[in-house]
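Structural overview for review
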Amino acid sequence: MSDIRIEKQVGEDRLKSLGVRQWPVWSKEPSEFPWTYDETETCYLLEGRVIVTPKGGDPVEFGKGDLVTFRTGLQCTWKILETVRKHYNFS
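Basis of the calculations
Residues numbered from 1 in each chain as written. Predicted model: local features only at pLDDT ≥ 70, side-chain atom pairs only at ≥ 80, totals over all residues. Heavy atoms only, no water. Helix = DSSP H or I, 4+ residues; strand = E, 2+ residues; numbered from the N terminus. Polar contact = N/O pair within 3.5 Å; in protein donor to acceptor, adjacent residues only side chain to side chain. Core = buried A, V, L, I, M, F, W, Y, C linked by side-chain atoms within 4.5 Å. Buried < 20%, exposed > 50% of the residue type's maximum accessible area, 1.4 Å probe, protein only. Contact = heavy atoms within 4.5 Å. Pairing = 2+ DSSP bridges.

This part takes up the side chain of Thr-42. Assignment of secondary structure puts Thr-42 in strand β4 (residues 41-54). Side-chain polar atoms of Thr-42 contact the side chain of Thr-69, separated by 3.4 Å.

Structure below.
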């Protein structure tokens, strides 16, 4: 698996199968910050637009309606372009 996997504009059936609507919600205003994933995170964006740049890698952009998985150990920089609201789950 790559460091970041994006499923664009995921359907409701997929969200239901993962139980996404029961996951907690996190919000953050436009900002930029470094982040390291101690666990694998899967998130579903309810709002917003983000560019995540893996350390030594190419920037990846995603936004509202996307399901995104970040691999354990990923070091990256988050740049939030539009306020984010997302469901998230660590595994």
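Structure's up, so let's keep going.
Moving on to the nonpolar core. Grouped together as the largest cluster of nonpolar side chains are 15 residues, with contacts concentrated most on Val-50, Val-52, Phe-62, Phe-70 and Trp-78. Within the residue set of this core, elements represented by two or more residues are β4, β6 (67-70) and β7 (75-90). Each residue touching Val-52, except ones within four places of it in the same chain, is listed here: Ile-4, Asp-58, Pro-59, Val-60, Phe-62, Phe-70, Cys-76, Thr-77 and Trp-78.

Looking now at the pairing of β6. Going residue by residue along β6, you find Leu-67 and Thr-69 tucked away on one face and Val-68 and Phe-70 tucked away on the opposite face as well. Direction of pairing for strand β1 (residues 4-7) relative to β6: antiparallel, over a ladder of four bridges. Of the residues in β6, the one forming a bridge with Glu-7 is Leu-67. Relative to β6, β4 runs antiparallel, the two being bridged by four bridges. Residue pairing for β6: Cys-43 is matched across the bridge by Val-68.

This part is about the environment of Leu-45. Mapping Leu-45 onto the fold places it in strand β4. Taking the C-alpha atoms as reference points, Leu-45 and Ser-31, separated by 14 residues in sequence, lie 16 Å from one another. What Leu-45 contacts, discounting residues up to four positions off in sequence, is Val-50, Phe-62, Gly-63, Lys-64, Gly-65, Asp-66, Arg-85 and Lys-86.

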